Amino acid sequence: MTDQSSNQMWGGRFAAGPDAIMEAINASIGFDKRMAAQDIAGSRAHAAMLAATGVITDNDAEAIREGLLTVLSEIEGGTFQFSTALEDIHMNVEARLKEIIGEPAGRLHTGRSRNDQVATDFKLWVRDQLDAAESGLLALIKALLSQAEAGADWVMPGFTHLQTAQPVTWGHHMMAYVEMFGRDLSRVRDARARMNESPLGAAALAGTSFPIDREMTAKALGFDRPAANSLDAVSDRDFALEFLSVASISAVHLSRFAEELVIWSSAQFRFVTLSDRFSTGSSIMPQKKNPDAAELIRAKVGRIFGANTALMMVMKGLPLAYSKDMQEDKEQVFDAADNWMLALAAMEGMVKDMTGNRESLAAAAGSGFSTATDLADWLVRVLKVPFRDAHHVTGTLVAMAESRGCDLPDLSLADMQGVHEGITEDIFTVLGVENSVNSRMSYGGTAPAQVRAQIVRWQEFLAG
Ligand code: ARG
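Residues numbered from 1 in each chain as written. Predicted model: local features only at pLDDT ≥ 70, side-chain atom pairs only at ≥ 80, totals over all residues. Heavy atoms only, no water.

As for the overall build of the chain
Per the secondary structure count, the chain includes 18 helices and six strands. Taken against the 2.2 N^0.38 rule, which gives 23 Å for 464 residues, the C-alpha radius of gyration of the chain at 31 Å runs more than 25% over that of a compact globule. Its C-alpha atoms put the chain at 100 × 50 × 40 Å along the principal axes. Residue burial in the chain is summarised as follows: out of 464 residues, 48% are buried. Across the chain, every contact between residues at least 6 apart in sequence was considered, and the portion connecting residues at least 24 apart equals 74%. For the chain, the exposed area adds up to about 21500 Å²; of that, 53% sits on carbon and sulfur atoms. Between the mean site of the 42 positive side-chain charges and the mean site of the 60 negative ones, the chain shows a separation of 1 Å. (Helix = DSSP H or I, 4+ residues; strand = E, 2+ residues; numbered from the N terminus. Rg over C-alpha atoms; globule rule 2.2 N^0.38 Å. Buried < 20%, exposed > 50% of the residue type's maximum accessible area, 1.4 Å probe, protein only. Contact = heavy atoms within 4.5 Å. Areas by Shrake-Rupley, 256 points an atom, 1.4 Å probe, with all protein chains shown as cover. Lys, Arg positive; Asp, Glu negative; His and termini not counted. Charge placed at Lys NZ, Arg CZ, Asp CG, Glu CD.)

Here it is, written out as structure tokens:
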């Protein structure tokens, strides 16, 4: 649409309206309408402050307040007519306010600019998302804790290089992810505390000559304090970058777990059974049950980290203060936030519903010479053999078992004594998988007692 009349909000010095392409590249209303509630909350706080400081009358402030509530209900009810000619959410709301209440609407923008307005709206929006992420992470952590509690002593293979390494417990493996998502939670809380300063009242860039009260608007909007430098306040997007960084790291964690679920649910592993509610079928192969949710979670990190990279590149090299480049911040954050929340919820649902297959896990735990380290440790502990030599003796025994196609506990005492004469019957006590995990009692180790202690620590943390 080419609008030949000049812009009603800022067109005083313009004889003609923008070209259609200019309007298309300039307008943000297509996406920033998602910040309508935040925009109206910011305007209400600003208008109340203008009245309290005597900049506008109480009557005008009341008209603005009621008018803004009407605008909000129109937007929430879906009857609001968004206009591209009005560029963005800020001017769409103000123009509609003018239609509803007339002249007082024109006083709302006293002592502020769209620059501090958009920074405020966007911060409020990102802050809400951090709160949503906190809830999502807490729910996921709780689901993992339930799995860990149920299978605190279930044995399974632990891997390095995805090769069988040493037996671990199911609970221990679940708790590893609790630690990861717990760090995400703490990053979310840090980011929220650091970002919670109000840009409102920084105006275009230099502050304002009106006697505004920035403490008052900061408090009304739940900020801890006003941002201390007006140039920084309007040009800072660290809060968005930090949100995307936190989301990226969390998405990395989600993708790692998703990958394990894809592997574990395969016919070759059978470590877990995913519920029907979180699986899909194949249109051609009737036997298939596909872990699509896990695969999509695994993929989400791509777009979330992509958003992080994109906004870093938008912000790099921008001179102070506001530049229109910064309008490119929102779509990245919106998309990353939507997908992070979805991935958290899907992972929580999958974890809640999945069944660890105790027998398959135990069978796999005993194969692949997983207790070779226990054998070497026994030689060190009981026979006082230096660890390097014990490693060599054990390696010889592993090669012997491998050539016979059996596991370590299947070798006879005579076979073992042929490799090291000091070995006694006692060695067989450490070759059992259960004994192996029970012996790993070092702090943070895989022994069920250690795992249960960590579960209790997390439960206490969650209970606050
Ligand atoms: N839509 C703009 C944005 O998202 C609002 C701020 C516009 N400010 C300006 N001086 N043109 O960044």
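There is more to say after this.
A word on the pattern of salt bridges
For the coordinates displayed, the defined rule picks out 25 salt bridges. Arg107 serves as the salt-bridge partner of Asp60, at 3.0 Å between the closest nitrogen and oxygen. Here Asp60, found in helix 4 (residues 58-77), pairs with Arg107, found in the loop between helix 5 (89-101) and helix 6 (114-150); they are 47 residues apart in sequence, far enough to count as distant. The exposure class of Arg107 is partly exposed, given its relative accessible area of 34%. Each of the salt bridges in this network shares a partner with another, and the network as a whole consists of Glu87, Asp88, Arg114 and Lys324. (Salt bridge = Lys/Arg side-chain N within 4 Å of Asp/Glu carboxyl O.)

Comments concerning the nonpolar core
Membership of the largest hydrophobic core comes to 96 residues, with the highest contact counts inside it found for Trp340 and Met347. Among residues more than four places away in sequence, those in contact with Trp340 are Ala133, Leu137, Val188, Phe243, Val246, Ala247, Ser250, Leu254 and Ile304. Membership of the second largest hydrophobic core comes to 20 residues, among which are Trp378, Ala390, Leu397 and Leu408. (Core = buried A, V, L, I, M, F, W, Y, C linked by side-chain atoms within 4.5 Å.)

A few points about unusual backbone geometry
That bond from Leu320 to Ala321 is cis: its omega, 0°, falls within 30 degrees of zero. As for its placement among the helices and strands, Ala321 is situated in the loop between helix 11 (292-315) and helix 12 (329-353). Phi at Ala203 is positive, roughly 60°, even though this residue is not glycine. Within the secondary structure, Ala203 sits in the loop between strand 3 (197-198) and helix 8 (214-220). Owing to a relative accessible area of 6%, Ala203 belongs among the buried residues under this scheme.

Structural notes on the site of the ligand
Every residue close to the ligand is listed here: Ser28, Asp32, Asp88, His90, Arg114, Asn115, Val118, Tyr322, Gln327 and Lys330. Here Ser28 contributes a side-chain N or O atom positioned 3.2 Å from a nitrogen atom of the ligand. For the ligand, a nitrogen atom lies 3.0 Å from a polar atom in the side chain of Asn115. Here the ligand has 340 Å² of accessible area as a free molecule, and 86% of this is covered by the chains. Sort the elements by how many residues they give to the shell around the ligand and helix 6 lands first, with three residues. Per-class residue counts for the shell around the ligand are two nonpolar, four polar and four charged. (Near = heavy atom within 4 Å. Polar contact = N/O pair within 3.5 Å; in protein donor to acceptor, adjacent residues only side chain to side chain. Nonpolar A, V, L, I, M, F, W, Y, C, P; charged D, E, K, R; others polar.)

Describing the packing of helix 6 against helix 12
The relative placement of two packed helices comes down to the angle between their axes together with the axis-to-axis distance. The geometry of helix 6 relative to helix 12 is characterised by a closest axis approach of 9 Å and an angle of 15° between their N-to-C directions. Overall, the two elements helix 6 and helix 12 adopt an arrangement that is roughly parallel. Viewed along their axes, helix 6 and helix 12 form a crossing whose handedness is left-handed. In the contact of helix 6 with helix 12, the residues fall into 19 nonpolar, three polar and four charged. (Axes fitted to C-alpha atoms, helices over the stretch in contact; angles between N-to-C directions. Parallel < 35°, antiparallel > 145°, perpendicular 65-115°, else oblique. Left-handed = near helix turned anticlockwise from the far one by under 90°.)

Let's talk about the pairing of strand 1 (residues 155-160)
When strand 1 meets strand 2 (residues 163-169), the two strands line up antiparallel, connected through six bridges. Each residue of the ladder has a partner; that of Thr160, found in strand 2, is Gln163. Linking strand 1 back to strand 2 in an antiparallel pair, the connection comprises two residues, with His161 at a positive phi of about 55°. (Pairing = 2+ DSSP bridges.)

Some thoughts on the packing of aromatic side chains
Enumeration according to the criterion identifies 13 aromatic pairs in this entry. Between Phe80 and Phe82, the aromatic rings sit 4.7 Å apart at their centres with planes inclined by 50°, giving tilted as the arrangement. Residues Trp125 and Phe334 carry aromatic rings whose centres are separated by 4.5 Å and whose planes lie at 55° to one another, so their mutual orientation is tilted. Linking Trp125 in helix 6 with Phe334 in helix 12, this pair joins segments that are 209 residues apart in sequence. Classification of Trp125 by relative accessible area gives buried; the value is 4%. Taking relative accessible area as the criterion, Phe334 reaches 4% and is therefore assigned buried. Members of the aromatic cluster, each reached through a chain of ring pairs, are Trp154, Phe159, Trp170, Trp264, Phe269 and Phe271. A cation over an aromatic ring shows up here: Arg34 above the ring of Phe334, its NZ or CZ 5.0 Å from the ring centre. (Phe/Tyr/Trp six-rings, centres within 6.5 Å; stacked < 30°, edge-to-face > 60°. Lys NZ or Arg CZ within 6 Å of the ring centre and 35° of its normal.)

Let's talk about helix 18 (residues 448-463)
If you check helix 18, its first and last C-alpha atoms are 22 Å apart, about what 16 residues at 1.5 Å a residue would give, namely 22 Å. Regarding helix 18, the residues found buried are Pro448, Gln450, Val451, Gln454, Ile455 and Trp458. Each buried residue of helix 18 sits inside an arc of 160° when the element is viewed along its axis, so together they form one side. Exposed side chains of helix 18 directed beyond 90 degrees from the buried face belong to Glu460 and Ala463. (Expected span 1.5 Å × (residues − 1). Arc of directions from axis to C-beta.)

Focus on the environment of Glu359
Relative to the helices and strands, Glu359 resides in helix 13 (residues 358-366). Of the residues examined, Glu359 reaches a relative accessible area of 66% and is grouped as exposed. Residues Glu359 and Phe271, 88 residues apart in the sequence, show an inter-C-alpha distance of 8.6 Å.

Some points on the environment of Ala119
Turning to its location among the elements, Ala119 is positioned in helix 6. Along the chain, Ala119 and Ala191 lie 72 residues apart, while their C-alpha atoms are 16 Å from each other. Setting aside residues up to four positions removed in sequence, Ala119 forms contacts with Pro199, Ala233, Arg237 and Phe239.

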